[in-house]
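Descriptive structure summary
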Amino acid sequence: MKYLAEFRDPERVRHSVAELARVTTQQWTVMEICGGQTHAIVRYGLDQLLPQGIELVHGPGCPVCVTPIEEIDQAIAVALLPGVTLCSFGDMLRVPGTDTDLLQARAQGADVRVVYSPLDAVELALAEPERDVVFFAVGFETTTPASAAAALRAKQLGIANFSLLSSHVRVPPAMSAILSSDECRVDGFLAAGHVCSVMGSAEYEPLCDRYQVPIVITGFEPLDILQGLLACVKQLEARAATGAAVHVENQYTRAVRESGNVHAQALVNEVFERAPRNWRGLGSIEQSGFELREGYAQLDARRRLQLEMPSLDPQGKAAASPCIAGRVLRGLEKPADCPCFARECTPETPLGAPMVSSEGACAAYFQHRGRSSQEAAR
Amino acid sequence: MCLAIPGCIVELAADPLGQGKVRFGEVLRPVCLACVPEAQVGDYVIVHAGFAISVLDGAEAERTLALLDAARDAGAAGGEA
Ligand code: SF4
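Residues numbered from 1 in each chain as written. Chains lettered and ligands numbered in written order. Predicted model: local features only at pLDDT ≥ 70, side-chain atom pairs only at ≥ 80, totals over all residues. Heavy atoms only, no water.

Thoughts on the nonpolar core
Grouped together as the largest cluster of nonpolar side chains are 129 residues, with contacts concentrated most on Phe 135, Phe 162, Phe 189, Tyr 204 and Ile 215 of chain A together with Phe 51 of chain B. Counting residues per element, this core draws most heavily on helix 12 (residues 222–242) of chain A, at nine residues. Setting aside anything within four residues of it in sequence, one finds Phe 51 of chain B in contact with Leu 119, Pro 145, Ala 146, Ala 149 and Leu 267 of chain A together with Val 31, Cys 32, Cys 35 and Ile 46 of chain B. Core analysis: the next-biggest nonpolar cluster, separate from the first, contains 14 residues, Val 42, Phe 341, Ala 361 and Cys 362 of chain A among them. (Core = buried A, V, L, I, M, F, W, Y, C linked by side-chain atoms within 4.5 Å. Buried < 20%, exposed > 50% of the residue type's maximum accessible area, 1.4 Å probe, protein only. Helix = DSSP H or I, 4+ residues; strand = E, 2+ residues; numbered from the N terminus. Contact = heavy atoms within 4.5 Å.)

Re the sheet that holds strand 4 (residues 111–114) of chain A
Residue and element names in this part refer to chain A. Taken in spatial order, the four strands make up an open sheet running 4-3-5-6, and their pairing is parallel. What marks the edges here is a single partner per strand, and that holds for strand 4 and strand 6 (162–168). If you compare each strand with its neighbour and ignore which way they point, the axes differ by 25 degrees on average. Pairing of strand 3 (residues 84–88) with strand 5 (residues 132–139) involves four bridges; the strand directions are parallel. Bridging from a neighbouring strand, Leu 86 pairs with Val 134 of strand 5. Relative to strand 3, helix 5 (residues 69–79) is tilted by about 140 degrees, and along the sheet it contacts strand 3, strand 4, strand 5 and strand 6. On top of the sheet, helix 7 (residues 118–127) reaches strand 3, strand 4, strand 5 and strand 6; it is set at about 175 degrees to strand 5, its chief contact. (Pairing = 2+ DSSP bridges. Axes fitted to C-alpha atoms, helices over the stretch in contact; angles between N-to-C directions.)

Here's the deal with the side chain of Gln 74 of chain A
Within the element layout of this structure, Gln 74 of chain A appears in helix 5. Leave out the neighbours within four places in its chain, and Gln 74 of chain A touches Leu 165, Arg 302, Leu 307, Glu 308, Met 309 and Pro 310 of chain A.

Topic: the environment of Ala 364 of chain A
Along the polypeptide, Ala 364 of chain A turns up in helix 18 (residues 361–369). In sequence terms Ala 364 of chain A and Val 216 of chain A are 148 residues apart; their C-alpha atoms lie 23 Å from each other.

Observations concerning helix 13 (residues 262–271) of chain A
Among the residues making up helix 13 of chain A, those that are buried are Ala 264, Gln 265, Leu 267, Val 268 and Val 271 of chain A. Relative to the axis of helix 13 of chain A, the buried residues are bounded by an arc of 160 degrees and lie together on one face. Residues of helix 13 of chain A that are buried sit in contact with helix 8 (144–157), helix 10 (193–199), strand 10 (272–279) and strand 11 (283–292) of chain A together with strand 5 (51–55) of chain B. (Arc of directions from axis to C-beta.)

Here's the deal with the site of the ligand
Taken together, Cys 323, Ile 324, Ala 325, Cys 338, Cys 340, Phe 341, Cys 345, Leu 351, Gly 352, Pro 354, Met 355 and Cys 362 of chain A make up all the residues around the ligand. Within the shell around the ligand, the residues separate by chemical class into eleven nonpolar, one polar and no charged. (Near = heavy atom within 4 Å. Nonpolar A, V, L, I, M, F, W, Y, C, P; charged D, E, K, R; others polar.)

Written out as structure tokens, the structure reads:
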């Protein structure tokens, strides 16, 4: 595989850590947005190599984790409709809804299937014209182009039995929500490299200006993360020392261009428009979601099946759950701070999405640190 | 879904929204290459949910590694001084 070993080179890692220690003069809290980065950080123990002053907190960058319980409930309700085949990514099947999950719905007779790609769901609709195939579409700007391509293909082929239940979300409005919260303790961001490879770095400049936080677009290998962190800390130190303005910086130049992937953006814009969206832990955020445009109404499961857009239920059962996923997703607590971590809540018996998802922060700690991180928290 | 590592294109798609083939280590997967029209067989792409979103730029990767090494050498020289 190209450019993996080089970006994991232990010698370079050691020097990057030393450089980070050299430039750090005070306490900084940096949030990595992407769940993929969280996994790399925990897997390689990068957080444990950092100088004392620097804390990494984990952000809302796992699409499965930020999907609110109301939308999981809606997908389960759709799956239980007669004649409907609901498909989604594997992780979605085990995320607990209010009373049940998609796997249990399948055990009750619902036709629920795992697909690797939204385009596979279109193939499924082609192969089984007697079923109404609904793709439960979650993901950030990275997966939205694939859903857009699926919608376009279904339209081109005139497939009448395919639709999307869109829970797609955009990252910058969530960053804005985190920064404008009273509880926010984030000094800088490592922005998600692959989201930015679609959208480009320019999208982050207004955020950087408005909140005066450095944003460094960062890749996923250990050296990427350390280099991104170093760039972020250097900006923070310069701001503290001389009042220097902060800016958007691109560490991940091998995959991210300033303008992003214009073909992918065009595809998304053709099919989707921005809309308000609910996030687990963050509530409703303006302009943070992708809904199908009027021209694709036939492919919108909510319109086809006349479903209500689920409203957030902050007093509901989710609020009574001991799961602190909402706080974990805002970087306010770490998985091992959760009283349920590695006790009631494990990947076999997950209480919340961050323990289910392959990109979830709780699953990362469980997988790579196991019960030791819980011991350490005590 | 987002834990993407680069894969190598081994076959391009016949039609614009069709699927080409990309190798990840030993695994060969169908991938839609609609958004990376510049990509050729042998290029490395980043794939999400069966969809290529970016072509890896080898020159930029080398530049990043060179920057890391330059910082290391500067640090080492500074340490000796
Ligand atoms: S450990 Fe389990 S219960 Fe606690 S926050 Fe994570 S998912 Fe929720």
